[in-house]
Amino acid sequence: MLRPFSAIAAVLALAACNPDTALEDTPDQVMSSPAPHMTPAVTLGAGGLEEREPDTCGAVNYVSVLGQPASQIQTLAITRPYRVVEWRGVEDQIYNPQRVVFRLDAAGNIYNIDCG
């Protein structure tokens, strides 16, 4: 019986002997990084998915508090629903396009404002 390490070494040795797996240094070979993965756009489907429209909650109106402490949110007199998500906080996955979401960093400052 082969030990696990011996079995792995044997497989690697056999792979190295295979001429199809050998690397050749030819001028026409170009080493490149893989293409980035592009996520397809979300569309409205029969399954009940909502289309996420940009800035449906008016988040751009609150950019004045970016970088400031979370206590500044109370001074904004927001009349629509809003949520404050603490650093590494847990939030439900119920999407409300009219809700303003303030995301806090580790220091308790607002680092992002979006809808959801």
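For the structure given in this document, a descriptive report is provided here.

Cut-offs applied
Residues numbered from 1 in each chain as written. Predicted model: local features only at pLDDT ≥ 70, side-chain atom pairs only at ≥ 80, totals over all residues. Heavy atoms only, no water. Salt bridge = Lys/Arg side-chain N within 4 Å of Asp/Glu carboxyl O. Helix = DSSP H or I, 4+ residues; strand = E, 2+ residues; numbered from the N terminus. Buried < 20%, exposed > 50% of the residue type's maximum accessible area, 1.4 Å probe, protein only. Pairing = 2+ DSSP bridges. Axes fitted to C-alpha atoms, helices over the stretch in contact; angles between N-to-C directions.

**Considering the pattern of salt bridges**
Pairs may arise between side chains of opposite charge once their charged atoms sit close together. With the rule as written, the count across this model stands at 4 salt bridges. Here Arg 83 and Asp 92 are joined by a salt bridge, their closest N and O atoms 2.8 Å apart. By sharing partners, the salt bridges in this structure join Arg 83, Glu 91, Asp 92, Arg 103 and Asp 114 into a single network.

**A few points about the environment of Pro 54**
Structurally, Pro 54 is set in the loop between helix H1 (4–17) and strand S1 (82–85). Taking the relative accessible area as the measure of exposure, Pro 54 reaches 75% and is therefore exposed. Along the primary structure Pro 54 and Asp 114 are separated by 60 residues, whereas in three dimensions their C-alpha atoms are 8.8 Å apart.

**A closer look at the sheet that holds strand S2 (residues 100–104)**
Read from one edge to the other, the open sheet built from 3 strands follows the order S1-S2-S3, with strand pairing classed as mixed. With one partner strand each, in any of the chains shown, S1 and strand S3 (110–115) form the two edges of the open sheet. Put simply, the sheet's adjacent strands are angled 20 degrees from each other on average, direction ignored.

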